[in-house]
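# Per-entry structural report
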Amino acid sequence: MLEIAVVALRWLQYAGAVVLLGTPLFLLYTFRRGDGVDLTWSRAILIGSGLVVVASALLALLAQTAVMAGSLAEAIKPVSLSFMITGTALGKAMVARAALALAAVVAVLALRPGKTAWSISLGLGLFVVASFAWTGHGAATEGPEGLVHLASDIVHSVGAALWLGALVALTILLLRRPGVDDGALYRALHGFSGLGTLAVALLVATGLANSWFLVGSERFVNLGESLYGQLLIAKLALFVLMLGLAADNRFRLTPALRLELEHTGQSISAVRRLRRSIVTETALGLIVLAVVALMGTLPPPVAT
(Lines give C-alpha, C1' and ligand atoms only; values in the text may rest on other atoms or scores of the structure.)
Protein backbone atom coordinates (compact mmCIF):
# COMPACT_ATOMS: atom_id res chain seq x y z
CA MET A 1 0.00 0.00 0.00
CA LEU A 2 2.81 2.41 0.85
CA GLU A 3 4.47 1.68 -2.49
CA ILE A 4 1.26 2.65 -4.31
CA ALA A 5 1.11 5.86 -2.28
CA VAL A 6 4.72 6.68 -3.22
CA VAL A 7 3.90 6.30 -6.94
CA ALA A 8 0.67 8.34 -6.67
CA LEU A 9 2.43 11.13 -4.78
CA ARG A 10 5.25 11.17 -7.36
CA TRP A 11 2.62 11.62 -10.07
CA LEU A 12 0.99 14.51 -8.22
CA GLN A 13 4.35 16.22 -7.78
CA TYR A 14 5.13 15.84 -11.48
CA ALA A 15 1.71 17.13 -12.51
CA GLY A 16 1.90 20.19 -10.27
CA ALA A 17 5.49 20.98 -11.26
CA VAL A 18 4.89 20.96 -15.01
CA VAL A 19 2.13 23.54 -14.52
CA LEU A 20 4.32 25.76 -12.31
CA LEU A 21 6.97 25.90 -15.04
CA GLY A 22 5.31 25.28 -18.39
CA THR A 23 2.08 27.23 -18.03
CA PRO A 24 3.59 30.63 -17.12
CA LEU A 25 6.29 30.21 -19.77
CA PHE A 26 3.59 29.60 -22.37
CA LEU A 27 1.66 32.69 -21.21
CA LEU A 28 4.77 34.87 -21.28
CA TYR A 29 5.85 33.52 -24.67
CA THR A 30 2.44 33.69 -26.35
CA PHE A 31 0.36 36.66 -25.22
CA ARG A 32 0.90 40.38 -25.49
CA ARG A 33 -0.81 43.23 -23.65
CA GLY A 34 -2.96 44.16 -26.65
CA ASP A 35 -4.43 40.69 -27.18
CA GLY A 36 -7.30 41.38 -24.79
CA VAL A 37 -7.45 37.80 -23.52
CA ASP A 38 -8.73 37.19 -20.00
CA LEU A 39 -5.91 35.32 -18.27
CA THR A 40 -6.99 35.84 -14.67
CA TRP A 41 -7.59 32.07 -14.43
CA SER A 42 -3.79 31.66 -14.38
CA ARG A 43 -3.73 32.81 -10.75
CA ALA A 44 -5.94 29.96 -9.55
CA ILE A 45 -4.19 27.28 -11.62
CA LEU A 46 -0.71 28.33 -10.46
CA ILE A 47 -1.75 28.54 -6.81
CA GLY A 48 -3.51 25.19 -7.04
CA SER A 49 -0.59 23.45 -8.73
CA GLY A 50 1.85 24.93 -6.20
CA LEU A 51 -0.22 23.69 -3.28
CA VAL A 52 -0.42 20.25 -4.90
CA VAL A 53 3.39 20.14 -5.07
CA VAL A 54 3.75 21.28 -1.44
CA ALA A 55 1.25 18.75 -0.07
CA SER A 56 2.34 15.82 -2.22
CA ALA A 57 6.07 16.44 -1.59
CA LEU A 58 5.58 16.47 2.19
CA LEU A 59 3.31 13.44 2.11
CA ALA A 60 5.80 11.68 -0.16
CA LEU A 61 8.52 12.43 2.38
CA LEU A 62 6.41 10.72 5.04
CA ALA A 63 5.55 7.77 2.77
CA GLN A 64 9.15 7.27 1.68
CA THR A 65 10.29 7.39 5.31
CA ALA A 66 7.67 4.77 6.15
CA VAL A 67 8.96 2.50 3.36
CA MET A 68 12.53 2.85 4.62
CA ALA A 69 11.61 2.54 8.31
CA GLY A 70 9.25 -0.39 7.77
CA SER A 71 5.99 1.17 9.01
CA LEU A 72 4.03 4.40 9.15
CA ALA A 73 4.28 4.37 12.95
CA GLU A 74 8.07 4.47 12.69
CA ALA A 75 7.96 7.11 9.98
CA ILE A 76 6.23 9.72 12.14
CA LYS A 77 8.89 9.52 14.82
CA PRO A 78 11.08 12.65 14.86
CA VAL A 79 14.30 10.65 14.67
CA SER A 80 13.17 8.86 11.49
CA LEU A 81 12.01 12.04 9.76
CA SER A 82 15.09 13.90 10.88
CA PHE A 83 17.37 11.25 9.40
CA MET A 84 15.40 11.27 6.13
CA ILE A 85 15.56 15.07 5.81
CA THR A 86 19.17 15.61 6.86
CA GLY A 87 20.79 12.32 5.93
CA THR A 88 19.46 11.54 2.46
CA ALA A 89 19.47 13.43 -0.85
CA LEU A 90 15.89 12.26 -1.39
CA GLY A 91 14.64 13.91 1.79
CA LYS A 92 16.54 17.14 1.17
CA ALA A 93 15.18 17.38 -2.37
CA MET A 94 11.59 16.86 -1.22
CA VAL A 95 11.83 19.54 1.46
CA ALA A 96 13.47 21.96 -0.97
CA ARG A 97 10.78 21.19 -3.56
CA ALA A 98 7.99 21.91 -1.09
CA ALA A 99 9.65 25.16 0.03
CA LEU A 100 10.14 26.38 -3.55
CA ALA A 101 6.56 25.55 -4.49
CA LEU A 102 5.27 27.33 -1.37
CA ALA A 103 7.32 30.41 -2.29
CA ALA A 104 5.70 30.35 -5.74
CA VAL A 105 2.23 30.17 -4.16
CA VAL A 106 2.97 33.13 -1.89
CA ALA A 107 4.30 35.19 -4.80
CA VAL A 108 1.33 34.47 -7.05
CA LEU A 109 -1.06 35.24 -4.16
CA ALA A 110 0.64 38.57 -3.51
CA LEU A 111 0.72 39.73 -7.14
CA ARG A 112 -1.84 40.37 -9.83
CA PRO A 113 -1.91 37.92 -12.75
CA GLY A 114 0.66 39.12 -15.27
CA LYS A 115 4.29 39.09 -16.29
CA THR A 116 5.77 39.53 -12.81
CA ALA A 117 3.76 36.72 -11.21
CA TRP A 118 4.33 34.44 -14.21
CA SER A 119 8.07 35.14 -14.25
CA ILE A 120 8.44 34.30 -10.55
CA SER A 121 6.42 31.10 -10.97
CA LEU A 122 8.55 30.21 -13.99
CA GLY A 123 11.82 30.75 -12.11
CA LEU A 124 10.78 28.82 -9.02
CA GLY A 125 9.09 26.17 -11.15
CA LEU A 126 12.37 25.63 -12.98
CA PHE A 127 14.09 24.71 -9.70
CA VAL A 128 11.14 22.54 -8.64
CA VAL A 129 11.32 20.58 -11.90
CA ALA A 130 15.12 20.31 -11.72
CA SER A 131 14.87 18.87 -8.19
CA PHE A 132 13.35 15.66 -9.56
CA ALA A 133 16.73 14.74 -10.99
CA TRP A 134 18.03 14.34 -7.43
CA THR A 135 15.21 11.95 -6.50
CA GLY A 136 15.44 9.79 -9.63
CA HIS A 137 17.84 7.51 -11.44
CA GLY A 138 19.84 10.45 -12.80
CA ALA A 139 21.51 11.00 -9.44
CA ALA A 140 22.55 7.36 -9.08
CA THR A 141 25.12 7.22 -11.87
CA GLU A 142 28.64 7.25 -10.47
CA GLY A 143 31.92 8.47 -11.86
CA PRO A 144 32.55 11.16 -14.49
CA GLU A 145 29.38 10.18 -16.36
CA GLY A 146 27.27 11.05 -13.33
CA LEU A 147 27.16 14.78 -14.02
CA VAL A 148 26.31 14.19 -17.67
CA HIS A 149 23.43 11.90 -16.71
CA LEU A 150 22.20 14.31 -14.05
CA ALA A 151 22.27 17.25 -16.49
CA SER A 152 20.48 15.18 -19.12
CA ASP A 153 17.80 14.22 -16.60
CA ILE A 154 17.25 17.86 -15.63
CA VAL A 155 16.92 18.99 -19.25
CA HIS A 156 14.55 16.06 -19.95
CA SER A 157 12.31 17.12 -17.05
CA VAL A 158 12.34 20.75 -18.23
CA GLY A 159 11.43 19.70 -21.78
CA ALA A 160 8.47 17.68 -20.50
CA ALA A 161 7.30 20.61 -18.36
CA LEU A 162 7.48 23.03 -21.31
CA TRP A 163 5.25 20.79 -23.40
CA LEU A 164 2.76 19.59 -20.79
CA GLY A 165 2.43 22.93 -19.00
CA ALA A 166 1.63 24.62 -22.31
CA LEU A 167 -0.93 21.93 -23.09
CA VAL A 168 -2.66 22.60 -19.77
CA ALA A 169 -2.90 26.30 -20.65
CA LEU A 170 -4.24 25.52 -24.14
CA THR A 171 -6.80 23.11 -22.68
CA ILE A 172 -8.09 25.79 -20.32
CA LEU A 173 -8.24 28.38 -23.12
CA LEU A 174 -10.19 26.01 -25.38
CA LEU A 175 -12.61 25.00 -22.63
CA ARG A 176 -13.15 28.69 -21.75
CA ARG A 177 -13.74 29.65 -25.38
CA PRO A 178 -16.71 32.04 -24.80
CA GLY A 179 -14.28 34.43 -23.08
CA VAL A 180 -11.48 34.06 -25.63
CA ASP A 181 -11.19 35.84 -28.96
CA ASP A 182 -10.67 33.18 -31.64
CA GLY A 183 -8.04 35.29 -33.38
CA ALA A 184 -6.01 35.38 -30.17
CA LEU A 185 -6.62 31.66 -29.78
CA TYR A 186 -5.18 31.05 -33.24
CA ARG A 187 -2.12 33.16 -32.42
CA ALA A 188 -1.63 31.17 -29.21
CA LEU A 189 -1.83 27.87 -31.07
CA HIS A 190 0.45 29.11 -33.82
CA GLY A 191 2.94 30.48 -31.30
CA PHE A 192 2.97 27.19 -29.42
CA SER A 193 4.54 25.47 -32.42
CA GLY A 194 7.97 26.96 -31.71
CA LEU A 195 7.86 26.14 -28.01
CA GLY A 196 6.55 22.66 -28.74
CA THR A 197 9.32 21.98 -31.27
CA LEU A 198 11.95 23.00 -28.71
CA ALA A 199 10.39 20.76 -26.07
CA VAL A 200 10.27 17.75 -28.41
CA ALA A 201 13.90 18.27 -29.46
CA LEU A 202 15.00 18.38 -25.82
CA LEU A 203 12.97 15.29 -24.96
CA VAL A 204 14.30 13.22 -27.86
CA ALA A 205 17.96 14.15 -27.32
CA THR A 206 17.94 13.67 -23.55
CA GLY A 207 15.69 10.61 -23.77
CA LEU A 208 18.28 8.86 -25.92
CA ALA A 209 21.04 9.86 -23.50
CA ASN A 210 19.09 8.67 -20.44
CA SER A 211 18.28 5.37 -22.14
CA TRP A 212 21.98 4.86 -22.80
CA PHE A 213 22.72 5.29 -19.09
CA LEU A 214 19.75 3.31 -17.73
CA VAL A 215 19.34 0.55 -20.30
CA GLY A 216 22.68 0.19 -22.04
CA SER A 217 23.20 -0.65 -25.70
CA GLU A 218 23.51 -4.38 -25.10
CA ARG A 219 20.15 -4.62 -23.29
CA PHE A 220 17.89 -2.89 -25.84
CA VAL A 221 17.14 -6.18 -27.62
CA ASN A 222 15.81 -7.63 -24.33
CA LEU A 223 14.01 -4.49 -23.21
CA GLY A 224 10.60 -6.15 -22.91
CA GLU A 225 11.81 -8.78 -20.44
CA SER A 226 11.70 -6.45 -17.42
CA LEU A 227 8.83 -4.39 -16.02
CA TYR A 228 10.97 -1.26 -16.35
CA GLY A 229 11.57 -2.06 -20.02
CA GLN A 230 7.87 -2.71 -20.65
CA LEU A 231 6.97 0.62 -19.07
CA LEU A 232 9.63 2.36 -21.15
CA ILE A 233 8.12 0.86 -24.31
CA ALA A 234 4.66 2.04 -23.19
CA LYS A 235 6.05 5.51 -22.50
CA LEU A 236 7.60 5.68 -25.97
CA ALA A 237 4.33 4.53 -27.57
CA LEU A 238 2.40 7.25 -25.72
CA PHE A 239 5.04 9.80 -26.73
CA VAL A 240 4.64 8.84 -30.39
CA LEU A 241 0.85 9.22 -30.09
CA MET A 242 1.31 12.68 -28.59
CA LEU A 243 3.70 13.60 -31.39
CA GLY A 244 1.11 12.52 -33.93
CA LEU A 245 -1.56 14.69 -32.31
CA ALA A 246 0.85 17.63 -32.03
CA ALA A 247 1.75 17.33 -35.74
CA ASP A 248 -1.94 17.16 -36.68
CA ASN A 249 -2.65 20.24 -34.58
CA ARG A 250 0.20 22.20 -36.11
CA PHE A 251 -0.12 21.26 -39.78
CA ARG A 252 -3.85 20.62 -40.21
CA LEU A 253 -6.12 21.81 -37.40
CA THR A 254 -4.49 25.18 -36.62
CA PRO A 255 -4.32 26.22 -40.34
CA ALA A 256 -7.96 25.10 -40.65
CA LEU A 257 -8.87 27.49 -37.81
CA ARG A 258 -7.16 30.35 -39.66
CA LEU A 259 -8.98 29.53 -42.91
CA GLU A 260 -12.36 29.41 -41.18
CA LEU A 261 -11.71 32.78 -39.55
CA GLU A 262 -10.64 34.33 -42.86
CA HIS A 263 -13.50 32.99 -44.98
CA THR A 264 -16.50 32.82 -42.67
CA GLY A 265 -15.60 34.70 -39.50
CA GLN A 266 -16.84 31.62 -37.63
CA SER A 267 -14.67 28.93 -36.10
CA ILE A 268 -17.04 26.60 -34.26
CA SER A 269 -16.13 23.38 -36.05
CA ALA A 270 -12.38 24.09 -36.14
CA VAL A 271 -12.28 24.94 -32.44
CA ARG A 272 -14.30 21.83 -31.61
CA ARG A 273 -11.76 19.63 -33.41
CA LEU A 274 -8.85 21.43 -31.77
CA ARG A 275 -10.43 21.12 -28.34
CA ARG A 276 -10.89 17.38 -28.74
CA SER A 277 -7.30 16.94 -29.96
CA ILE A 278 -5.66 19.12 -27.29
CA VAL A 279 -7.64 17.54 -24.44
CA THR A 280 -6.65 14.08 -25.70
CA GLU A 281 -2.99 15.12 -25.95
CA THR A 282 -3.07 16.52 -22.42
CA ALA A 283 -4.65 13.34 -21.07
CA LEU A 284 -1.95 11.24 -22.75
CA GLY A 285 0.67 13.50 -21.16
CA LEU A 286 -0.79 12.87 -17.70
CA ILE A 287 -0.68 9.12 -18.36
CA VAL A 288 2.98 9.46 -19.38
CA LEU A 289 3.67 11.16 -16.05
CA ALA A 290 2.01 8.23 -14.25
CA VAL A 291 4.20 5.78 -16.16
CA VAL A 292 7.31 7.81 -15.29
CA ALA A 293 6.27 7.92 -11.62
CA LEU A 294 6.12 4.11 -11.55
CA MET A 295 9.40 3.74 -13.47
CA GLY A 296 11.12 5.90 -10.87
CA THR A 297 10.47 3.25 -8.20
CA LEU A 298 11.90 0.37 -10.25
CA PRO A 299 15.52 -0.63 -10.85
CA PRO A 300 16.60 0.08 -14.46
CA PRO A 301 17.98 -2.75 -16.60
CA VAL A 302 21.55 -1.49 -16.20
CA ALA A 303 21.29 -2.04 -12.44
CA THR A 304 20.49 -5.73 -12.89
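Below you will find a few notes about this structure. (Residues numbered from 1 in each chain as written. Predicted model: local features only at pLDDT ≥ 70, side-chain atom pairs only at ≥ 80, totals over all residues. Heavy atoms only, no water.)

Per the secondary structure count, the chain includes 10 helices and 0 strands. In the chain, the succession of helices and strands from N to C terminus is α-α-α-α-α-α-α-α-α-α. Sequence separation of 24 or more characterises 77% of the internal contacts of the chain that already satisfy a separation of 6 or more. When the accessible surface of the chain is split by element, carbon and sulfur atoms take 70% of a total near 14,300 Å². (Helix = DSSP H or I, 4+ residues; strand = E, 2+ residues; numbered from the N terminus. Contact = heavy atoms within 4.5 Å. Areas by Shrake-Rupley, 256 points an atom, 1.4 Å probe, with all protein chains shown as cover.)

Here we take up helix α2 (residues 41-69). Three or four residues apart is the spacing at which side chains of an α-helix point the same way, because the helix has 3.6 residues per turn. Look at α2: 42 Å from first C-alpha to last across 29 residues, which is about the 42 Å you get at 1.5 Å a residue. Two residues or fewer past α2, Gly 70 is found with a positive phi of approximately 105 degrees. (Expected span 1.5 Å × (residues − 1).)

A word on the packing of helix α1 (residues 2-30) against helix α7 (residues 145-175). Following both chains from N to C, one finds α1 and α7 inclined at 65 degrees, their axes separated by 7 Å at the closest point. Considered as vectors, α1 and α7 are oriented roughly perpendicular to each other. Both α1 and α7 take part in a crossing whose hand is right-handed. Facing α1, whose interface residues are Val 18, Val 19, Leu 21, Gly 22, Thr 23, Leu 25 and Phe 26, α7 presents Val 158, Ala 161, Leu 162, Leu 164, Gly 165, Ala 166, Val 168, Ala 169, Leu 170 and Leu 173. Across the contact of α1 with α7, the residue classes tally to 14 nonpolar, 3 polar and no charged. (Axes fitted to C-alpha atoms, helices over the stretch in contact; angles between N-to-C directions. Parallel < 35°, antiparallel > 145°, perpendicular 65-115°, else oblique. Left-handed = near helix turned anticlockwise from the far one by under 90°. Nonpolar A, V, L, I, M, F, W, Y, C, P; charged D, E, K, R; others polar.)

Contact geometry of helix α5 (residues 89-110) with helix α6 (residues 115-131) gives a least axis separation of 9 Å together with a crossing angle of 170 degrees. Put simply, α5 runs roughly antiparallel to α6. Two secondary-structure elements touch here, α5 through Ala 93, Arg 97, Leu 100, Ala 101, Ala 103, Ala 104, Ala 107 and Val 108 and α6 through Ala 117, Ile 120, Ser 121, Leu 124, Phe 127, Val 128 and Ser 131. Grouping the constituent residues of the contact of α5 with α6 by class yields 12 nonpolar, 2 polar and 1 charged.

Here Thr 65 lies in helix α2. Of note is the side chain of Thr 65, whose polar atom sits 2.6 Å from the backbone oxygen of Leu 61. Discounting residues that sit within four places of it in the chain, Thr 65 has contacts with Ala 75, Ser 80, Leu 81 and Met 84. (Polar contact = N/O pair within 3.5 Å; in protein donor to acceptor, adjacent residues only side chain to side chain.)

Any two aromatic rings considered together are summarised by their centre-to-centre distance and by the angle between their planes. The final tally for this structure, using the stated rule, is 3 aromatic pairs. Between the aromatic rings of Phe 26 and Phe 192, the centroid separation amounts to 6.1 Å while the plane-to-plane angle is 75 degrees, which identifies the pairing as edge-to-face. Of the two residues, Phe 26 sits in helix α1 while Phe 192 sits in helix α8 (residues 182-214), which places them 166 residues apart along the sequence. Owing to a relative accessible area of 0%, Phe 26 belongs among the buried residues under this scheme. The interplanar angle of 80 degrees and the centroid separation of 5.8 Å between the aromatic rings of Trp 163 and Phe 239 together place this pair among those described as edge-to-face. Residue Trp 163 is found in helix α7, and its partner Phe 239 is found in helix α9 (residues 227-263); the two are separated by 76 residues along the sequence. (Phe/Tyr/Trp six-rings, centres within 6.5 Å; stacked < 30°, edge-to-face > 60°. Buried < 20%, exposed > 50% of the residue type's maximum accessible area, 1.4 Å probe, protein only.)

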